[in-house]
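Each chain, written out:
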Amino acid sequence: MKKENKVTLCIDKSFTVGKVDKRIYGSFIEHLGRAVYEGIYQPGNKFADENGFRKDVIELVKEIDVPIVRYPGGNFVSAFRWEDSVGPVEERPARLEPAWGVVESNRFGLDEFMNWCKKVGSEPMYAINLGTRGIEDAKNVVEYCNIEKGTYYSDLRIKHGVKDPYKIKLWCLGNEMDGPWQIGHMTPEEYGLKAGRAGHLMKMIDPEIECVVCGSSGIGMPKFGEWERVVLENSYDNVDYISLHTYYDNEEDNTPNFLASNVSMDKFIESVVSICDCVKATKRSDKTINLSFDEWNVWYHSKKKDAELEKWTEHPHQLEEDYNLEDALLVGSMMITLLRHADRVKIACLAQLVNVLSPITTTDNGVFKQTIFYPFMQSSRYGRGEVLNTIVKVPTYESKHGDAPYVDSVVISDEENGALTVFAVNKNLEDDFELTCDLRQFSDYKVEFHSVLTHKDVKAGNTENNPDEVKLSDNTSTAVNDNGVLKTTLPARSWNVIRLKV
Ligand code: AHR
């Protein structure tokens, strides 16, 4: 190991960033490609239960432990009529779905989704259509979902066999309304007013709900910054969170640059926080708007194939990414970025969950885990508690995103359960790094495990026939020495979880 390949983590029990809101381990199911049909729902498949839900998928979703699932889109939502998706299945209309150029059968809809959420133990995050529709429709769907009985839409739900209201807490006010590709996209003034009015009316129906207003579809959007400011100025009192979306790619095949992408994500988050607080100040408001990073991931492998797809078919193989190790490393780093902003990022959704840009892929014969499954699953399972303000002393390298640390890392303390967790990504493609962390304040803690995801080939991935090409292994030499210092080696190109317990 080169002598400069050292990373030191400095932590102090009382210096915390904030408590992890478990909703940052959320994900996303859109009516897109095979996410719903052949993903979570496939009646007739040998793994389907009595509702047509894939049991093998349910098991993996439970393994990740996904607290919230955003639904039903995405771009899909901007031309969607929610009423088409409820009631007797045989009476539901098939529709042209313009966002993705397919036919939507509506065989799976709102009620089926809510039932599925119950099965996997997730809460819904329901997006309304502010593209082709208005605030009246927004009101109606809240009434259908959240009002007990005695009104047109609540009684309609009961007629559909659902006695108790769903009490959906979290609502997205449209999707990516700044994007020219979005059906019904708007100027920030138009959208801010419309979203504010929708939130106002929806909260009149159910004051308990929380609303997410659309921020920019990415930091690279031409109106980024101005969009957030104007939207918030026009909707502030009726919304609770602002959304951020980002997808990274390695089209240029430059792995160091690609792995540094979360440096941009940091800037994105910090910029949006500043804008929220600037609007708060100009409004002399006591209310703080927090962040919902409700689409994030790597997306590029499938784009060429998708461009050649025939139009107006049902649930084609669309946006199906074959993820490799470097994608998993970036997903791990992005997760670390989200955690390091736990004070303001309260919601995040890995986009998406099954088949589409996803950690889980289904075939007719079963499921397999994409490489990105591992950092997402392990963050969700072990990353609960207080994020410690982790100072990472480590050499950096130049990248197109700015100077990037060779090792990204964060420490989370869960005193209630006597657990301390270190997440770390070594982005150096050739060299191992030695990690040390003084744990004298945590003198009762011993290493429970150190789990590593790595491979000699950063482009290696998993397939149906070779589902374990990239998988977790254990580093059994990690330990806390007599001086209370945690010492270990982070292999080149690796995602690491070091779990300590009292
Ligand atoms: O997640 C895929 C798509 O990416 C979503 O539909 C859209 O919101 C974003 O552009």
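As the structure is a computational prediction, the values presented were derived from the model and not from experiment.

## A look at the UniProt feature "domain: Alpha-L-arabinofuranosidase C-terminal" (unreviewed entry) in the chain
Phase 1: With numbering matched to this structure, UniProt assigns "domain: Alpha-L-arabinofuranosidase C-terminal" (unreviewed entry) to residues 294-494.
Phase 2: Taken end to end, residues 294-494 is 15% helix and 35% strand, and its first and last C-alpha atoms sit 26 Å apart.

## Describing the domain arrangement of the chain
Phase 1: You can read the domains of the chain as domain 1 (6-11 + 389-501) and domain 2 (21-382).
Phase 2: Computed over C-alpha atoms, the centres of domain 1 and domain 2 are 30 Å apart.
Phase 3: Counting residues at the interface gives 42 residues for domain 1 and 36 residues for domain 2.
Phase 4: For the pair domain 1 and domain 2, the summed buried surface comes to about 3,100 Å²; carbon and sulfur atoms form 62% of the total.
Phase 5: It is His-401, Lys-459 and Trp-495 in domain 1 that bury the most area against domain 2; as a group they hold 21% of the surface buried on that side.
Phase 6: Between the two partners, domain 1 and domain 2, sit 3 salt bridges.
Phase 7: The residue Glu-326 makes a salt bridge to Lys-459 at a minimum N-O spacing of 2.9 Å.
Phase 8: Where domain 1 meets domain 2, there are 23 residue pairs in polar contact (both at pLDDT 80 or more).
Phase 9: Within the residue set of the side of domain 1 that touches domain 2, elements represented by two or more residues are strand E19 (407-414), strand E20 (419-426), strand E22 (446-453) and strand E26 (494-501).
Phase 10: Ranked by residue count, the leading element in the side of domain 1 that touches domain 2 is E20, at 5 residues.
Phase 11: Residues belonging to the side of domain 1 that touches domain 2 are distributed by class as follows: 18 nonpolar, 13 polar and 11 charged.

## Comments concerning the site of the ligand
Phase 1: Near the ligand, the surroundings consist of 13 residues, among which Glu-30, Asn-75, Glu-176, Tyr-247 and Glu-295 are the closest.
Phase 2: One of the side-chain N or O atoms of Glu-176 is found 2.7 Å from an oxygen atom in the ligand.
Phase 3: Between the ligand and Tyr-247 there is a distance of 2.7 Å, counted from an oxygen atom to a side-chain nitrogen or oxygen.
Phase 4: When the ligand sits alone it has 280 Å² of accessible area, and the protein chains cover 95% of it.
Phase 5: Taken atom by atom, the bulk of the ligand overlaps the largest pocket.
Phase 6: Its residues assigned to classes, the shell around the ligand comprises 6 nonpolar, 4 polar and 3 charged.

Rules and cut-offs
- Residues numbered from 1 in each chain as written.
- Predicted model: local features only at pLDDT ≥ 70, side-chain atom pairs only at ≥ 80, totals over all residues.
- Heavy atoms only, no water.
- UniProt positions renumbered as here; feature names shortened; annotations may be inferred.
- Helix = DSSP H or I, 4+ residues; strand = E, 2+ residues; numbered from the N terminus.
- Domains from an automatic or database assignment.
- Contact = heavy atoms within 4.5 Å.
- Buried area = accessible area lost by both parts, 1.4 Å probe.
- Salt bridge = Lys/Arg side-chain N within 4 Å of Asp/Glu carboxyl O.
- Polar contact = N/O pair within 3.5 Å; in protein donor to acceptor, adjacent residues only side chain to side chain.
- Nonpolar A, V, L, I, M, F, W, Y, C, P; charged D, E, K, R; others polar.
- Near = heavy atom within 4 Å.
- Areas by Shrake-Rupley, 256 points an atom, 1.4 Å probe, with all protein chains shown as cover.
- 1 Å grid on protein atoms, 1.4 Å probe; cavity = no way out; pocket = protein on both sides within 12 Å on 5 of 7 lines; lining within 4 Å.
- Sits in = over half its atoms within 2 Å of the grid points.

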